[in-house]
Amino acid sequence: MYSKAEAKKLREDFWTSFGKSFPYKWTLYDTKIKDFSFKFLFDTKKARVLLAIEDSNVDTRAFYYNKLLSLQAILTNDYLPKVVYDSHLVLDNGKEISGVYVELEGVNIHNKATWQQTMVFLYDTMLQFEAFWAEYKDIIQEEL
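Let me sum up the structure you'll find in this document. This one's a predicted model, so the numbers in the text were calculated from it and none came from an experiment. (Residues numbered from 1 in each chain as written. Predicted model: local features only at pLDDT ≥ 70, side-chain atom pairs only at ≥ 80, totals over all residues. Heavy atoms only, no water.)

1. A few points about the overall build of the protein
And step 1. Each helix and strand in the protein was counted, giving 4 helices and 4 strands.
And step 2. Taking 15 Å as the expected radius of gyration for a compact globule of 144 residues, we find that the protein reaches 16 Å, a close match to that expectation.
And step 3. For the protein, the spread of C-alpha atoms along the principal axes amounts to about 45 × 30 × 25 Å.
And step 4. Among the 144 residues that make up the protein, the fraction classed as buried is 43%.
And step 5. Once local pairs closer than 6 in sequence are excluded, the contacts in the protein between residues at least 24 apart make up 63%.
And step 6. Just so you have it, the protein exposes about 8,300 Å², and 51% of that area is on carbon and sulfur atoms.
And step 7. For the protein, the distance from the average position of its 18 positive side-chain charges to the average position of its 21 negative side-chain charges is 7 Å. (Helix = DSSP H or I, 4+ residues; strand = E, 2+ residues; numbered from the N terminus. Rg over C-alpha atoms; globule rule 2.2 N^0.38 Å. Buried < 20%, exposed > 50% of the residue type's maximum accessible area, 1.4 Å probe, protein only. Contact = heavy atoms within 4.5 Å. Areas by Shrake-Rupley, 256 points an atom, 1.4 Å probe, with all protein chains shown as cover. Lys, Arg positive; Asp, Glu negative; His and termini not counted. Charge placed at Lys NZ, Arg CZ, Asp CG, Glu CD.)

As structure tokens, this is what we get:
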């Protein structure tokens, strides 16, 4: 068991190491859509690359989620075969969002032996999400 300070230091070390090992300018929050972003997550049980739709307006959230749903076959067949769609994804903090993600289970941010595998997963998966985004962002960004 790690203290809060030790766990925080491990998280910082992981993300610093990831940034140095895989330097890249990610899109992340620069999607031009409010509350629509790409995220990296890594905790004690899994790693996840997530396209999050966090708008508090349920109709707006559903609008963008349905756009992604309409592109599901393309995203699955051409980019990310293990992608998961979840219209009611509950985050660890209890917030409900809609999301599209790929997950790697059996890794642990507290276990440095899983870091390299996780870094490769995060990098490769986000590259595929970014390639999809580059190709289809004009369709996704169309407003209500």
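2. Digging into the sheet that holds strand β1 (residues 36–42)
And step 1. Pairing in this open sheet of 4 strands is antiparallel, and the strands run β1-β2-β4-β3 from one edge to the other. A single partner strand is all that each edge strand has here, and the edge strands are β1 and β3 (84–90). Within the sheet, the average angular offset between the axes of one strand and its neighbour, ignoring direction, is 30°.
And step 2. Judged from the 7 bridges that link them, β1 and strand β2 (residues 46–53) form a sheet pairing that is antiparallel. Looking across to β2, one finds that serine 37 is bridged to alanine 52.
And step 3. Contacts from helix α2 (residues 58–70) reach β1, β2, β3 and β4 (96–105) within the one sheet, and its direction differs from that of β3 by about 160°. (Pairing = 2+ DSSP bridges. Axes fitted to C-alpha atoms, helices over the stretch in contact; angles between N-to-C directions.)

3. Notes on the nonpolar core
Side chains of a nonpolar character, in soluble globular proteins, are inclined to be buried together.
And step 1. If you look at the biggest cluster of nonpolar residues, it comprises 38 residues, and the most contacted ones within it are Phe36, Leu68, Leu75, Phe129 and Ile140.
And step 2. Elements represented by at least two residues in this core include exactly α1 (4–21), β1, β2, α2, α3 (72–79), β4 and α4 (115–141).
And step 3. Counting residues per element, this core draws most heavily on α4, which supplies 10 residues.
And step 4. The contacts of isoleucine 140, once residues within four sequence positions are left out, are Ile33, Phe36, Tyr64, Lys67, Leu68, Leu71, Phe132 and Trp133.
And step 5. Listed in part, the 6 residues of the second largest apolar core include Leu89, Leu91, Ile97 and Tyr101. (Core = buried A, V, L, I, M, F, W, Y, C linked by side-chain atoms within 4.5 Å.)

4. What about the pairing of β4?
And step 1. Counting buried positions along β4 yields 7 of 10 residues, so the element is predominantly enclosed.
And step 2. Relative to β4, β2 is paired through 8 bridges, and the arrangement is antiparallel. Note that in β4 the partner of isoleucine 53 across the bridge is serine 98.
And step 3. The pairing of β3 with β4 spans 5 bridges and is antiparallel. Within β4, the residue paired with tyrosine 85 across the bridge is valine 100.

From the geometry alone we can't say anything about function, so treat these as descriptive.
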